[in-house]
There are 2 protein chains.
Amino acid sequence: MGSGQPRGRSGGRPTLEEVAVRAGVGRGTVSRVINGSPRVSEHTRAAVEEAVAELGYVPNTAARALAANRTDSIAVVVPEPESRFFSEPYFSDIIHGVGAALADTDMQLLLTFAGGDRERRSLAQYLSAHRVDGVLLVSVHADDPLPDLLEQLEIPAVISGRRSAEERLASVDSDNFGGARAAVGHLLSRGRRTIATITGRLDVYGAQRRLDGYVDALTEAGHPPSADLTAHGDFTEDGGRRAMADLLARRPDLDAVFAGSDVMAAGARQVLREAGRRIPDDVALVGFDDSAIARHMDPPLTSVRQPIAEMGRTMTNVLLAEIADTRPSAARRLARQQIVLPTELVCRESS
Amino acid sequence: MGSGQPRGRSGGRPTLEEVAVRAGVGRGTVSRVINGSPRVSEHTRAAVEEAVAELGYVPNTAARALAANRTDSIAVVVPEPESRFFSEPYFSDIIHGVGAALADTDMQLLLTFAGGDRERRSLAQYLSAHRVDGVLLVSVHADDPLPDLLEQLEIPAVISGRRSAEERLASVDSDNFGGARAAVGHLLSRGRRTIATITGRLDVYGAQRRLDGYVDALTEAGHPPSADLTAHGDFTEDGGRRAMADLLARRPDLDAVFAGSDVMAAGARQVLREAGRRIPDDVALVGFDDSAIARHMDPPLTSVRQPIAEMGRTMTNVLLAEIADTRPSAARRLARQQIVLPTELVCRESS
DNA sequence: GGTAGGGGTGGGAGCGCTCCCATGTGTGAT
DNA sequence: ATCACACATGGGAGCGCTCCCACCCCTACC
């Protein structure tokens, strides 16, 4: 593709020039009005705005992009092959927030997929061509080369979550540590004492932080966790099942489980059932994400809610600010924000 | 927004002209090579391709769009306010398919939201400005003016599902009728005889077709359904609850329920539970969509799977074909495709 | 040997906009 | 009245590409 015929040369959509003629002013003046420059008299501005309305003028983006060397669009990069990503509402919610934040602007949202090798290459090329003003990176792995490429190209970018404690890019994360602490604190307050945890992939920073929060809450309460109460899942339901089976084998006396995601909690629930443990009577269960699964599970799952849509909104606003920032790149680099949004424990019947 | 400074004028990215100089040919020739025109000698083509590779040349989209009056991008219009839309994986899956189909092309994917009135207006303006080559319409209501606008502007468009039996736009739908028939047939084959149904909003064509399929299957089997076995939901969980309560009140003897969506089935399940009916022992339950909820429900829900990602892929291919079609618009109008993709019954423990 | 014809090629003329410099035009200070 | 300066305005010069016409040269045919 990429060829295709030019379709019926724009059935006479009005141009800047025509607006100028109609309003009896010069092109430059119309351009100033369109772009909200203050250097136009009130009277002239009114005349131009009238002409714009009469003609139904809409600026041609391509021409503007060409002349001004900006695109008025940002890209969301989706690490597609992870089907986990698509099977959870995370993606939809982030996009939801991004869309909301963008609604107040003229910016367009581009969706790009960084799935296979080929797609990654063409994405790199795409970014090198500066075809977007900024990039939103969703769910990036620690070893992804994309953030470095963006830094090198000096393309504004914001990452959801972060890759490590010292993230160089601007980032918006949720308080995984605090959420985990709250979840475990809740279990403690319910009288549970032998609290196990199922972690996500620990090369994902957020998963590590959830584990940290678990350890911290228990330690603070004077019940430092023994190592055999921690099992590692990989964010999948099956991983949750395996981890739960391990835990039961090692510590049949456990009376609560904090899972690093709802999906893993779903797997754990199944194994607990099969082992004849009642939830929450014998074992309390808490998840993370507060996804649809949590509400529909039997019993409904207590879970830590992340403000995902708000993360999307915040990411977008941070990105727009970076794009608008005209200071030298060194200053911009120093000003990069690291935002952490609060999480919230949603109590249901599983605990 | 929409203003913002031009960022560091393109640190010398190579242009067509520079490639031409390097390859020792004219601009026109390079353009021909880039666009795969056959009117270039093998020898010249090789020289140009080498120069392109050496310089790392990437065409400037804005310039191309301006000169050729095409954008190489398509838009997916998302009817955002429907939170139902975002809470189900439908959206993600469609996008997934669209992305896959687009991976083979140079087309870009734009996401536009048609939420509030303001957004709708700016979308209309956006489309009027022909800023995309084509549009994918997802989940459109029967009375939405957008499709008509698109037709009038002669912008190629494909709709997911359809608005009525005689859809004027090209469309890709799943076989709702067949899926419902299969679901009901399955219940009949399991010996159920008093089969009720909970419909979605009947102004959604697909919901009507599911009801039609239900009626058809029962009629064909010689058990034409009585009217009191049909209750109307609105695709929400709460609607499912209410409909189920109605049904139980009217026909306490029912032994199976076919719900028009998994979410409504979830609501129904709850009411059945509370009424002391065991699933599937007393009442068999079948849903529609095969969403994550179906898998995680207790007991896991038998459901009709729609090939959503494939719908996205197919829609995209149909749209690309329409965009490439250069015949007069009357001929194009006649050639609009109406595609129906098969559905599949996924049997689980609820039936 | 002359004349069509065709494939291959170069480059002018825009596409519609922004940027910026040059040119008014009015104000206040000198 | 004179100068300086700010503000408002017009329009030339591109931005990088595609389209298309003119041109060249070579083959084929008369």
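Scoring rules and cut-offs
- Residue positions are given per chain, counting from 1 as you read along its sequence in written order.
- As they are written, the chains are lettered A onward and the ligands numbered 1 onward, keeping that order.
- Local features are withheld for residues below a pLDDT of 70 in this predicted model, meaning they are given only at 70 or higher, and side-chain atom pairs are given and counted only at 80 or more; totals for whole chains, interfaces and linings count all residues.
- Computation of side-chain values covers all heavy atoms of the structure but excludes hydrogens and water.
- For this description, a residue counts as near a given molecule or strand if any of its non-hydrogen atoms is within 4 Å of it.
- Polar contact is the term for a pair of N or O atoms within 3.5 Å; when the atoms are in protein, one must be able to donate a hydrogen and the other to accept it, and sequence-neighboring residues count only if both atoms are side-chain atoms.
- Helix numbers and strand numbers start at the N terminus; a helix is a DSSP run of H or I with at least 4 residues, a strand a run of E with at least 2.
- For this scheme, ten residues count as nonpolar: Ala, Val, Leu, Ile, Met, Phe, Trp, Tyr, Cys and Pro. Four count as charged, namely Asp, Glu, Lys and Arg, and the remainder, Gly too, count as polar.
- What sets the superposition is a least-squares fit of C-alpha atoms, and only residues with pLDDT of at least 70 in both copies go into it.
- In this analysis, two residues are considered to be in contact whenever any of their non-hydrogen atoms come within 4.5 Å of each other.
- Domain start and stop positions are those given by an automatic or database domain assignment.
- Here the axes come from fitting lines to C-alpha atoms, over the contacting stretch only for helices, and the angles between their N-to-C directions go from 0 to 180 degrees.
- Working definition: roughly parallel below 35 degrees, roughly antiparallel above 145 degrees, roughly perpendicular at 65 to 115 degrees, and oblique for all remaining angles.
- A crossing counts as left-handed when the near helix is turned anticlockwise from the far one by less than a right angle, and as right-handed when that turn is clockwise.
- Strands were regarded as paired on the criterion that DSSP finds at least two bridges between them.
- Summed over both partners, the accessible area (1.4 Å probe) lost when two parts come together is defined as the buried area.
- Whenever a carboxyl oxygen of Asp or Glu lies within 4 Å of a side-chain nitrogen of Lys or Arg, that contact is scored as a salt bridge.
- Throughout this description, the term nonpolar core refers to a set of buried Ala, Val, Leu, Ile, Met, Phe, Trp, Tyr and Cys residues connected via side-chain atoms within 4.5 Å.
- Only protein chains enter the area calculation, which uses a 1.4 Å probe; residues under 20% of their type maximum are buried, those over 50% are exposed, and those in between are partly exposed.
- To estimate how far a helix should extend, the number of its residues minus one is multiplied by 1.5 Å.
- The arc in question is the one spanned by the directions pointing from the helix axis to the C-beta atoms.

## Describing the protein's contact with DNA strand D
Near DNA strand D lie 28 residues; those nearest to it are A:Gly26, A:Thr29, A:Thr44, B:Leu16 and B:Tyr57. Per the 4 Å cut-off to the protein, sugar and phosphate atoms form 59% of the nearby atoms of DNA strand D. At a separation of 2.7 Å, a base oxygen of DNA strand D approaches a polar side-chain atom of A:Arg27. Looking at the surface near DNA strand D, the elements that each hand over two or more residues are helix 2 (27–34) and helix 4 (61–68) of chain A together with helix 2 (27–34) and helix 4 (61–68) of chain B. Of the residues contributing to the surface near DNA strand D, the split by class is twelve nonpolar, ten polar and six charged.

## Considering the protein's contact with DNA strand C
A:Leu16, A:Tyr57, B:Gly26, B:Thr29 and B:Thr44 are the nearest of the 28 residues found near DNA strand C. Between DNA strand C and A:Asn60 there is a distance of 3.2 Å, counted from a phosphate oxygen to a backbone nitrogen or oxygen. B:Arg32 is positioned such that a nitrogen or oxygen atom in its side chain is 2.9 Å from a base oxygen of DNA strand C. At the level of secondary structure, the elements contributing two or more residues to the surface near DNA strand C comprise helix 2 and helix 4 of chain A together with helix 2 and helix 4 of chain B.

## Section: the relation of the copies chain A and chain B
For these two chains of identical sequence, chain A goes onto chain B by a turn of 180 degrees and a shift of 0.0 Å along the axis, with RMSD 0.1 Å. Such values leave the two copies arranged in the relation of a two-fold axis. A share of 98% of the interface residues of chain A reappears at the interface of chain B, consistent with the copies meeting face to face through the same patch.

## Overview of the domain arrangement of chain A
The assigned domain composition of chain A is domain 1 (16–59), domain 2 (73–174 + 309–341) and domain 3 (176–305). Taken over C-alpha atoms, the centre of domain 1 of chain A sits 62 Å from the centre of domain 3 of chain A.

## Remarks on the packing of helix 9 (residues 176–189) of chain A against helix 10 (residues 205–220) of chain A
All names here are of chain A. Interaxial distance between helix 9 and helix 10 falls to 7 Å at its minimum, and their mutual angle equals 40 degrees. The angle between the axes of helix 9 and helix 10 places the two elements in the oblique class. In the packing of helix 9 onto helix 10, the handedness of the crossing is right-handed. On the side of helix 9, the interface is formed by Asn176, Phe177, Ala180, Arg181, Val184 and Leu188, while helix 10 contributes Gly206, Arg209, Arg210, Asp212, Gly213, Tyr214, Asp216, Ala217, Leu218 and Glu220.

## Some thoughts on the sheet that holds strand 10 (residues 302–305) of chain A
Sheets are built from strands paired through backbone hydrogen bonds, the pairs being either parallel or antiparallel. All names here are of chain A. Taking strand neighbours across the sheet as the criterion, the six strands line up as 7-6-8-9-10-12 in an open arrangement whose pairing is mixed. A single partner strand is all that each edge strand has here, and the edge strands are strand 7 (230–232) and strand 12 (344–346). Along the sheet, successive strands turn relative to each other by an average axial angle of 20 degrees, direction set aside. Relative to strand 6 (residues 195–199), helix 10 is tilted by about 170 degrees, and along the sheet it contacts strand 6, strand 7, strand 8 (256–259) and strand 9 (284–289). Taken strand by strand, helix 12 (residues 262–274) contacts strand 6, strand 8, strand 9 and strand 10, and its axis lies near 155 degrees from that of strand 9.

## Here we look at the sheet that holds strand 11 (residues 338–341) of chain A
Strand order across the open sheet formed by twelve strands is 11(A)-5(A)-4(A)-3(A)-1(A)-2(A)-2(B)-1(B)-3(B)-4(B)-5(B)-11(B), with mixed pairing between neighbours. Edge positions in the open sheet fall to strand 11 of chain A together with strand 11 (338–341) of chain B, since each of these has one partner strand only. If you compare each strand with its neighbour and ignore which way they point, the axes differ by 20 degrees on average. Contacting strand 1 (73–78), strand 3 (134–137), strand 4 (157–160), strand 5 (170–174) and strand 11 of chain B, helix 14 (residues 308–324) of chain B runs over the sheet at an angle of about 165 degrees to strand 5 of chain B.

## Digging into the interface of chain A and chain B
Accessible area lost upon the coming together of the parts serves often as the stated size of an interface. With 64 residues of chain A at the contact, the number on the chain B side is 63 residues. Buried area between chain A and chain B, summed over both chains or domains, comes out near 5800 Å², and the portion from carbon and sulfur atoms is 54%. The tally of links from chain A across to chain B stands at two salt bridges. The salt bridge involving A:Asp104 is made with B:Arg118; its shortest N-O contact spans 3.8 Å. For the interface between chain A and chain B, the tally reads nine residue pairs in polar contact (both at pLDDT 80 or more). When contributions to the side of chain A that touches chain B are tallied by element, the ones reaching two or more residues are helix 4, helix 6 (90–102), strand 2 (108–113), helix 7 (117–128), helix 12, helix 13 (292–296) and helix 14 (308–324) of chain A. It is helix 4 of chain A that contributes the most residues to the side of chain A that touches chain B, seven residues altogether.

## Examining the nonpolar core
Generally speaking, soluble globular proteins have nonpolar side chains that are buried together. In terms of nonpolar packing, the biggest core is built from 53 residues, with A:Leu111 and B:Leu111 touching the most fellow members. Apart from residues no more than four positions distant in its own chain, A:Leu111 is found in contact with A:Val76, A:Val78, A:Phe91, A:Ile95, B:Ile95, B:Gln108, B:Leu109 and B:Leu111.

## Considerations on helix 11 (residues 237–250) of chain A
Structurally, the α-helix is built with 3.6 residues per turn, so residues lying three or four positions apart point the same way. All names here are of chain A. An ideal rise of 1.5 Å per residue puts 20 Å on 14 residues; helix 11 measures up with 20 Å between its terminal C-alpha atoms. When we look at burial in helix 11, the residues that qualify are Gly239, Gly240, Ala243, Met244, Leu247 and Leu248. Buried positions in helix 11, seen along its axis, are confined to an arc of 165 degrees and lie on one side of it. Contacts made by the buried residues of helix 11 are with strand 6, strand 7, strand 8 and helix 12.

## Some points on the pattern of salt bridges
Any two side chains of opposite charge can pair, given that their charged atoms come close. Residue and element names in this part refer to chain A. Applying the stated criterion across every chain, the model contains 50 salt bridges over all chains. Residue aspartate 144 is joined to arginine 120 by a salt bridge in which the shortest nitrogen-to-oxygen separation is 2.6 Å. One end of the pair, aspartate 144, is in the loop between strand 3 (134–137) and helix 8 (146–153); the other, arginine 120, is in helix 7, with 24 residues separating them in the sequence. Of the residues examined, aspartate 144 reaches a relative accessible area of 15% and is grouped as buried. Three or more residues are tied together by salt bridges with common partners; here these are Asp234, Glu237, Asp238, Arg241 and Arg242.

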